[in-house]
Amino acid sequence: MKIILDRPRCEGHGLCEEAAPRLMHLDDEGELILDIEDITENDLDSAKASVRVCPVAALRLE
Amino acid sequence: MTTATPHRIVVVGNGIAGLTASDSLRTAGFDGELTIIGDEYHPPYSRPALSKAALLDDGEMTSHHLPAPTHEASEILGVSASSLDTDNKVVGLADGSEVPYDALVIASGSRARRLGSGDAGEAERELTLRTLDDALVLRQRIATQPSVVVLGGGALGMEIASGCLDAGCAVTLVSSDPPLVRQLGSHLSEYFLAAARRRGLTIATSPAREVHHREAHSRVVLADGSSLEAELVISAVGDLPNTEWLQSSGLLLGAALRVDSRGRVAPDIVAAGDVAAFPTARGIRRVPLWTSAIEQSKVAALTLVRGNDAPELSFQPYFWTEQFGLSLKASGYLPLAGDPEVLEGDLREDKALLRWSHDDGTGTAVAINYRIPIPKLRRLSSALAAAVSPAA
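Here's a quick rundown of the structure.

Concerning the nonpolar core
The biggest cluster of nonpolar side chains holds 125 residues, and the ones touching the most others in it are V105, V150 and A271 of chain B. Each residue touching A271 of chain B, except ones within four places of it in the same chain, is listed here: I106, A107, L257, V259, G263, V265, A276 and A300 of chain B.

Quick look at the interface of chain B and chain A
Interface size, as often reported, equals the accessible area lost upon joining of the parts. Opposite the 21 residues of chain B that make contact, chain A presents 19 residues. For the side of chain B that touches chain A, the class distribution of residues is 11 nonpolar, seven polar and three charged.

Concerning the environment of W290 of chain B
Here W290 of chain B is to be found in helix α9 (residues 290–306). On the neighbour-count criterion, W290 of chain B (21 C-beta atoms within 10 Å) is buried. Separated by 30 residues in sequence, W290 of chain B and D260 of chain B place their C-alpha atoms 20 Å apart. For W290 of chain B, the contacting residues outside a window of four places in its chain are P55 of chain A together with I16 and P48 of chain B.

Examining the sheet that holds strand β13 (residues 218–222) of chain B
Residue and element names in this part refer to chain B. Spatially, three strands are ordered β12-β13-β14 in an open sheet, and the strand pairing comes out antiparallel. Because the sheet does not close on itself, it has two edges, and the strands there are β12 (208–213) and β14 (227–230). Averaged over neighbouring strand pairs, the angle between their axes works out to 20° when direction is ignored. In this structure, β12 lies alongside β13, joined through five bridges in antiparallel fashion.

The rules behind each value
Residues numbered from 1 in each chain as written. Chains lettered and ligands numbered in written order. Predicted model: local features only at pLDDT ≥ 70, side-chain atom pairs only at ≥ 80, totals over all residues. Core = buried A, V, L, I, M, F, W, Y, C linked by C-beta atoms within 7 Å. Buried ≥ 20, exposed ≤ 12 C-beta atoms within 10 Å, placed from the backbone. Contact = placed C-beta atoms within 7 Å. Nonpolar A, V, L, I, M, F, W, Y, C, P; charged D, E, K, R; others polar. Helix = DSSP H or I, 4+ residues; strand = E, 2+ residues; numbered from the N terminus. Pairing = 2+ DSSP bridges. Axes fitted to C-alpha atoms, helices over the stretch in contact; angles between N-to-C directions.

Just geometry here; none of it tells us what the structure is for.
Written out as structure tokens, the structure is:
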């Protein structure tokens, strides 16, 4: 599975980083950086949690 | 405590709390039968978005959309739960049917408090903004740029007022307290009020006593005897937990549904989200906010599967609002007394990172028009003042 960022929707809350710090982080400018886009079984739960916690649905899993 | 993993779990509520609880049950390994009961027909959506971006979406409204659920639950939508029998472990629904459970998640949320009687005719004319349907109606009504009176100076009232102004409406906000003072404290209240006035918001400080709905105009009578006329009156005067269906369940303390630090109400019943009053560092209270619902639901779901091996809720308040061209993000308890320490930027330039220290040694970090990852904002709020000063 792949995690996909809809950048215009992102408001930079960073709740996703809190849910999945291994997969993504906000940089110094507050822009979300996906560190790992291809999600393996090991990261699936945290990837799902990061998608779910976003209040503006800027992330999705495909 | 729970001796075996239940086979059939029923979740009452299809908002973010019910959705997160269902997701979390699956993540925790629950592979039994999962049923979600929701009184709205819509799939789960982002409620915070309704009073922010969604009011202003051009064309089709999409800002509230959430990704499709993956919990593979059976969904019973468009019908509300009307009773709970804990002896026989059955949820009664408004259509007369019954849904049995081994374990239950109560996530029935809250609803908008109304000033009027709530009679069908009156409720139709007293607009609120709580559900997706409310938002669709409001968007349609403000499209013709009517004059608007907003009752209530909390975050929701101010967001609605801001959205209506942006849509081109003349807006008066009625609030007996200075707007946002109870949510944010006087320092930020004054700051937001100044921004709101610059954008054209009119404030009436006398409390509303009566609202008379007429064909084309409504009249709001204020306590000082004056009155306001508007084509649209929108109330944003708080929320009430949906606990009526639990009245004969024996689970309520007055109207309150109290849970322990793991979301438990009874051995096989947990509750989470806007409906639940839970232990916080500032006492047992409901915290009807997005991240609160999510954090509570994760803990509550784990508790059903793992019992006391589930971690206790470690609640860290997170609040955000967008209004009058300002975006605020706050980590830590609110409201805020006194003046802040300025960590970065300057409020006079509408971009700042601020921190208030509390007597108990914790703090609250607030970012205004300042993009900062939540983990960093959380660290600033919890760290000792000395450790974050001067530049973090």
